[in-house]
2 protein chains.
Amino acid sequence: MILGLDVMGGDHAPGVTIAGAVDALDALPQETKIALFGPRDVILTELGKHNADPQCFDIVECPEVIAMGESPIRAFAAKPYSSIAIGFKFLKNKKIDAFSSAGDTGVMFVGAINNVERIPGIIRPCISTVVPREDGKVNLLLDVGLNPDCRVDVMYQFAILGYIYSKYILKIPEPKVGLLNIGAEEKKGSILTQSVHQILKDASELNFVGNVEGIEMFTEKADVIVTDGFTGNIVLKQMEAMTSIIVRRGLRDSYIDSFNYENFGGTPILGINAPVFIGHGKSSAKAIKNMILASQEMVHSNLIKNFKKAFKHISL
Amino acid sequence: MILGLDVMGGDHAPGVTIAGAVDALDALPQETKIALFGPRDVILTELGKHNADPQCFDIVECPEVIAMGESPIRAFAAKPYSSIAIGFKFLKNKKIDAFSSAGDTGVMFVGAINNVERIPGIIRPCISTVVPREDGKVNLLLDVGLNPDCRVDVMYQFAILGYIYSKYILKIPEPKVGLLNIGAEEKKGSILTQSVHQILKDASELNFVGNVEGIEMFTEKADVIVTDGFTGNIVLKQMEAMTSIIVRRGLRDSYIDSFNYENFGGTPILGINAPVFIGHGKSSAKAIKNMILASQEMVHSNLIKNFKKAFKHISL
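**A look at the packing of helix H6 (residues 152-168) of chain A against helix H7 (residues 191-202) of chain A**
The geometry of a pair of packed helices is captured by two quantities: the angle between their axes and the separation between those axes.
Residues and elements named next belong to chain A.
Here comes step 1: It is the contact of H6 with H7, at a shortest axis distance of 9 Å, that shows an interaxial angle of 50°. When the axes of H6 and H7 are compared, the pair comes out oblique. At the point where H6 passes H7, the crossing takes the right-handed sense. On the side of H6, the interface is formed by Val152, Met155, Tyr156 and Ala159, while H7 contributes Leu192, Ser195, Val196, Ile199 and Leu200.
Here comes step 2: Of the residues belonging to the contact of H6 with H7, the class tally is 8 nonpolar, 1 polar and no charged.

**Some details on the interface of chain A and chain B**
Here comes step 1: On the side of chain B, 41 residues touch chain A, which itself brings 41 residues to the contact.
Here comes step 2: With both chains or domains summed, chain A and chain B bury close to 3600 Å², and 68% of this area falls on carbon and sulfur atoms.
Here comes step 3: For the pair chain A and chain B, the interface holds 8 salt bridges.
Here comes step 4: For the salt bridge of Arg249 of chain A with Glu134 of chain B, the shortest nitrogen-to-oxygen distance reads 2.9 Å.
Here comes step 5: Breaking the side of chain A that touches chain B down by element, the ones donating at least two residues are H7, helix H8 (229-248) and helix H9 (254-257) of chain A.

**Considering the confidence of the model for chain A**
Here comes step 1: Averaged over every residue, the pLDDT of chain A is 95; residues scoring 70 or more account for 99%.
Here comes step 2: On the interface metric, ipTM, the complex scores 0.93, and its pTM is 0.94.

**Examining the environment of Ile86 of chain B**
Here comes step 1: Tracing the sequence through the fold places Ile86 of chain B in helix H4 (residues 83-92).
Here comes step 2: Separated by 48 residues in the primary sequence, Ile86 of chain B and Gly38 of chain B place their C-alpha atoms 9.2 Å from one another.

**Some points on the nonpolar core**
Here comes step 1: In this structure, Phe218 of chain A together with Phe218 of chain B are the most contacted members of the largest nonpolar core, which totals 100 residues.
Here comes step 2: With sequence-adjacent residues up to four places away left out, Phe218 of chain A is seen in contact with Val131, Pro132, Arg133, Glu134, Asn139, Met239, Tyr255 and Phe259 of chain A together with Gln238, Ala241, Met242 and Ile245 of chain B.

**With respect to empty space enclosed by the protein**
Here comes step 1: The final tally for this structure, using the stated rule, is 1 cavity of 30 Å³ or more.
Here comes step 2: Estimated volume of the largest cavity: approximately 30 Å³.
Here comes step 3: For the lining of the largest cavity, the residue count by class is 7 nonpolar, no polar and no charged.

Criteria and thresholds
Residues numbered from 1 in each chain as written. Chains lettered and ligands numbered in written order. Predicted model: local features only at pLDDT ≥ 70, side-chain atom pairs only at ≥ 80, totals over all residues. Heavy atoms only, no water. Axes fitted to C-alpha atoms, helices over the stretch in contact; angles between N-to-C directions. Helix = DSSP H or I, 4+ residues; strand = E, 2+ residues; numbered from the N terminus. Parallel < 35°, antiparallel > 145°, perpendicular 65-115°, else oblique. Left-handed = near helix turned anticlockwise from the far one by under 90°. Contact = heavy atoms within 4.5 Å. Nonpolar A, V, L, I, M, F, W, Y, C, P; charged D, E, K, R; others polar. Buried area = accessible area lost by both parts, 1.4 Å probe. Salt bridge = Lys/Arg side-chain N within 4 Å of Asp/Glu carboxyl O. pLDDT = per-residue confidence, 0-100. Core = buried A, V, L, I, M, F, W, Y, C linked by side-chain atoms within 4.5 Å. Buried < 20%, exposed > 50% of the residue type's maximum accessible area, 1.4 Å probe, protein only. 1 Å grid on protein atoms, 1.4 Å probe; cavity = no way out; pocket = protein on both sides within 12 Å on 5 of 7 lines; lining within 4 Å. Points joined across faces, edges and corners; volume = space filled by probe spheres on them.

Here it is in structure tokens:
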């Protein structure tokens, strides 16, 4: 197994990306390799700082860099030798098994869609976040940003993606699926959520437990919480805002610590044909390390095979 | 000035409602009176527990009670002598200047719309919440639940309502107005927020500062944060969930304490012809007291007159 990493992605690249890769290699099984995508001289310099042997990594020379905020479409056309463009080519050609970057989300998404493509049957891929619970487990919230406007069938597919992810990655045998909504009754909420509620209610395979209100987000009511990408992103950022305020004010607590994004490293794009992970722009070495480990887990778990199986009847 | 209170509204009524009314009366100016709507015998018994003189209150006999979760439309038809139905009739006939209740939100909203009606020009009334900031000030977020599906013009009106509320009630001379959105750039977000962004950008009277991301909700970027009622309600409940977790885990902090809903008591319905306040179902005596005081402030500030002035050109 070879796990690809964009060395130039993120606010603190390449220092933290190389540091994270060096740490990840220690934690990975012997037979798993890490492929570093970036300018060779930069990579060698950074590896040198850690006294790391370059022979332990696959180094793929990528002389160009796509900056944060560049137009995704233009970036790929203008910079075919960038670390992200070459990384995705390797992933497409199966020279690597997964590709991770803390670079621009839009660029990563466009690269993923254009290179590894959607799993047949999937209308819109999405991204997720884990929501820590006080009992030490986590809930999965999705979508958290790729789809600000959602259709009913798209959100139904999020529920399926979330259910399978929760089962195979988060190891919850029969995940409970809930719908983020305002009010407990099925007639409450927006036209969209009222309609999604009806679809999920009829989907007996999904173990649907009904609406999850904002106040229940951190409880065990549902293991998978389905929402549109607009609401999900607001929730994600608010969670980040509140936990960072708490930490900044010096309030120490093990549960609040569990919200630290570094623990999860990055989020996979769900619904495409290969594991692609997007890291937080401000990623630390710890976050990069955990993103690489998460990509290993996703390859190892055969998640995508299970996605394909679930959507097979839809794509026929 | 006479401030009306539904004695039977809320999970802990009538104990806390009467206790809150007794405390509020102490804090109000001499010439301000409180009218209590509920069964006379219940009111007298509860007042007796506080050794409060019934002569100090206007007691309005209302033998019926609307329970939480009753269908709003049916409730008013079936229980014309309920505290909420009679309270709204008094408000309509100007026998009281404001009406507050910690009863069912849906019932309160229907009662408000049917009795005191919308201010001419207003398409959809809304409710708001204050969002505490670390500098001790508060931001205003609206809508937080009345309108799960919003049109562009409706959200433009929320911005106007929020601006005026912020100016006259929160005493911010020139409030900055922001739009809750995912991403800073104007082309980010849902179709709805992208469109609202364009309208607000052109509204020079509103002091529009652009998009406010979830991570910026607690900062001074904007004093008024405009959103649809679905997103706003999720944000409100998530805020409540996280702060209650923090308090429950014994983390004490003055800033976190400022999130306590009891400090604000209740939220006014903005955009109707008279002050109507809705309290939290779980309202304590302190919350009821502060809701009554807030209704006094709203009458005193001439807020509705200023709303009417702002929407006059629209209603012509």
